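Summary of structural features
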Amino acid sequence: GIDAESGAKKAGLKKGDVILKIDNIRITKFADLTGYLNTKHPNETVTVTFLRNGEQNQTAVKLIEYESFAITAIGLEITNASAEELAECQVENGVKISKALNQTMENENLIGIIITEINQQKVHNVDDVREVIGNANPRNPLSVTFAVPNGEKKTFVFR
């Protein structure tokens, strides 16, 4: 897949494209891709050679910083949500769950779900979540409101 706010998406790469090379470095497995990209910095540009519908193409991709935050208290990692992802869930604000940090949360299948509020405070981006979590008393439960693609919202309290 392609993250909606990524440099790859902005450069025109699509889900299903097969990356063959980055800056003439052959990519044969995901570790090759991540290993090479980890040597780069945000705002650098790389040349991506890819296969789409049997045809080889090339594009320049400006790397952007992937901003994420681990909410360890509930076992989830979040990233900023795109306008498209918010619209899909019929909400105006929120962050997207990008990763489960423990088996319990992995079993809940929450990847891609939007969090709109934490402790009754609206969150718009990763920085908002950092602030709300940073100001929360770790001894108190965390209240988290989730929005699903049909627009329904559910609030859960994590102890």
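Structural data are supplied above this passage.
So, here's what we can say about the structure. (Residues numbered from 1 in each chain as written. Predicted model: local features only at pLDDT ≥ 70, side-chain atom pairs only at ≥ 80, totals over all residues. Heavy atoms only, no water.)

1. Considering the overall build of the chain
Applicable threshold: Labels follow the DSSP assignment, with helices taken as runs of H or I lasting at least four residues and strands as runs of E lasting at least two, numbered in each case from the N terminus. The cut-offs for exposure are 20% and 50% of the maximum accessible area for each residue type, with area from a 1.4 Å probe on protein chains only; residues under the lower value are buried, those over the upper are exposed, and the others partly exposed. Accessibility throughout is a Shrake-Rupley quantity obtained with a 1.4 Å probe, and a residue counts as covered only by protein chains that appear here. Positive charges come from Lys and Arg alone, negative charges from Asp and Glu alone, with His and the N- and C-terminal ends not counted. Note on charges: their place is set at NZ of Lys, CZ of Arg, CG of Asp or CD of Glu.
A tally of helices and strands in the chain yields five helices and 11 strands. Taken over the C-alpha atoms alone, the chain extends approximately 50 × 30 × 30 Å along its principal axes. A burial count over the chain gives 35% of its 159 residues as buried. With the model as given, the accessible surface of the chain reaches about 10,000 Å², and the carbon-plus-sulfur share is 46%. The chain carries 18 positive and 21 negative side-chain charges, and their two centres are separated by 3 Å.

2. Brief notes about the pattern of salt bridges
For the record, the criterion: The salt bridge criterion pairs a side-chain nitrogen of Lys or Arg with a carboxyl oxygen of Asp or Glu, the two atoms within 4 Å.
Considering all chains together, one arrives at eight salt bridges under this definition. Across the pair Lys-40 and Glu-44 runs a salt bridge whose closest N-O atoms are separated by 3.8 Å. Between Glu-67 and Arg-130 there is a salt bridge, with the nearest N and O atoms lying 3.4 Å from each other. Within this pair, whereas Glu-67 is found in the loop between β4 (55-62) and β5 (68-71), its partner Arg-130 is found in helix α5 (residues 126-135), the two being separated by 63 residues in sequence.

3. A closer look at the pairing of strand β3 (residues 45-52)
Which entries qualify depends on this criterion: Whether two strands pair comes down to DSSP finding at least two bridges between them.
Pairing between strand β1 (residues 18-22) and β3: four bridges, direction antiparallel. Across the sheet, Lys-21 pairs through a bridge with Thr-49, a residue of β3. In the sheet, β3 pairs with β4 via eight bridges, with the strands oriented antiparallel. Of the residues in β4, the one forming a bridge with Thr-49 is Gln-58. Linking β3 back to β4 in an antiparallel pair, the connection comprises two residues, with Asn-53 at a positive phi of about 55°.

4. Overview of the sheet that holds β1
Note on sheets: strands pair through backbone hydrogen bonds, and any given pair is parallel or antiparallel. To keep it simple, the criterion reads: Here a residue-residue contact requires only that any non-hydrogen atoms of the pair lie within 4.5 Å. Only the contacting stretch of a helix is used when fitting its axis, a line to C-alpha atoms as for every element, and angles between N-to-C directions run 0 to 180 degrees.
Strand order in the open sheet formed by four strands is β2-β1-β3-β4, and the pairing between neighbours is antiparallel. Strand pairing shows two members of the sheet lacking a second neighbour, β2 (25-26) and β4, which therefore form its edges. Sheet topology note: the β1/β2 ladder contains two bridges and is antiparallel. Among the inter-strand pairings, Ile-22 is bridged to a residue of β2, identified as Ile-25. Running at roughly 40° to β1, helix α2 (residues 30-37) makes contact with β1 and β2 of the sheet.

5. Remarks on the nonpolar core
Soluble globular proteins tend to bury their nonpolar side chains together. For clarity, the cut-off: Put simply, a nonpolar core is a bunch of buried Ala, Val, Leu, Ile, Met, Phe, Trp, Tyr and Cys residues held in one set by side-chain atoms that sit within 4.5 Å of each other.
One finds Ile-71, Ile-78, Ile-97, Ile-115, Ile-118, Val-129 and Phe-146 to be the most contacted residues of the largest nonpolar core, which totals 21 residues. Elements that contribute at least two residues to this core include exactly β5, β6 (76-80), β7 (95-100), β8 (114-118), α5 and β10 (142-147). Beyond its immediate stretch of four places on either side in the chain, Ile-118 contacts Ile-71, Val-123, Val-129, Val-132, Ile-133, Leu-142 and Ser-143. In this structure, Ile-27, Leu-33, Val-46 and Val-61 belong to the second largest nonpolar core, which totals 11 residues.

6. Focus: the packing of aromatic side chains
Just so we agree on the cut-off: Pairing of aromatic side chains requires ring centres within 6.5 Å, counting the rings of Phe and Tyr and the six-membered ring of Trp. Pairs whose planes differ by under 30 degrees are stacked, by over 60 edge-to-face, and all others tilted.
According to the stated counting rule, one finds two aromatic pairs in the structure shown. The interplanar angle of 65° and the centroid separation of 5.8 Å between the aromatic rings of Phe-146 and Phe-156 together place this pair among those described as edge-to-face. Placement of the pair is Phe-146 in strand β10 and Phe-156 in strand β11 (residues 153-158), with a sequence separation of 10 residues. A relative accessible area of 6% places Phe-146 in the buried class. We classify Phe-156 as partly exposed; its relative accessible area is 43%.

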